[in-house]
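A closer look at the structure
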Amino acid sequence: MSRAKLNRSRPADTVEEILAKAGETLRARRRPFDEADGLRRLARKPPQPRTRDTATVTRARRQLSVLSRLYLKNPQAARHVEQLAACLGDDGDGNRHPPLEDLDIDGAQLFGCMLHLADHPQSAQFWWELAAGAGHLGATYCLYLHHAALGARAQATHWLD
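Source: prediction; values computed, not measured.

Procedures and definitions
- Residues numbered from 1 in each chain as written.
- Predicted model: local features only at pLDDT ≥ 70, side-chain atom pairs only at ≥ 80, totals over all residues.
- Heavy atoms only, no water.
- pLDDT = per-residue confidence, 0-100.
- Helix = DSSP H or I, 4+ residues; strand = E, 2+ residues; numbered from the N terminus.
- Expected span 1.5 Å × (residues − 1).
- Buried < 20%, exposed > 50% of the residue type's maximum accessible area, 1.4 Å probe, protein only.
- Arc of directions from axis to C-beta.
- Contact = heavy atoms within 4.5 Å.

Next up on the list: the confidence of the model for the chain. Predicted confidence across the chain gives a mean pLDDT of 79, with 75% of residues reaching 70 or more. When mean pLDDT is taken per element in the chain, helix α8 (residues 137-149) scores highest with 93 and helix α1 (residues 2-9) scores lowest with 49.

Now the structure itself:
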């Protein structure tokens, strides 16, 4: 009986009071986010993958860089990238072209190679995946080397298959 009297003598918190107390607790624990530090962390190169196949990783990186340079030395490379840019952007007069209409797949693959050599691997992966999805075998092989260079065997094997 005494427990029942104690519980009844103390008024129960309302839902609003409970949420307000929880909110105060959460706000007190939260540190302010430093945007500049976050951007610096994103801009840093990813660490070397820890793998037993260090030679495979190193060889895949070198092969991907060589292959990207070979693709970009193609005499038609500039024309393909120009056609890709024409499909994606406007012509300077504010006339926008519908995206992905007659997209130059070779241009997408070459743009991925440019991004790889400019040290933007995630962006390069996007363009290679776009080109590989459209059936470009060179982009598929670039994806294989890209994932092998990261030490991601399963993803590399996926693109090789």
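Resuming the write-up.
Here helix α4 (residues 54-72) is 19 residues long and its end C-alpha atoms lie 27 Å apart, about the 27 Å a rise of 1.5 Å per residue gives. Those residues of α4 that fall on the buried side of the exposure criterion are V57, A60, L64, S65, L67 and S68. Looking straight down α4, one finds its buried side chains confined to an arc of 165°; they lie on one side. Facing away from the buried side of α4, by more than 90 degrees, are the exposed residues A55, R62 and L70. Buried residues along α4 sit against α6 (105-117), α7 (121-133) and α8.

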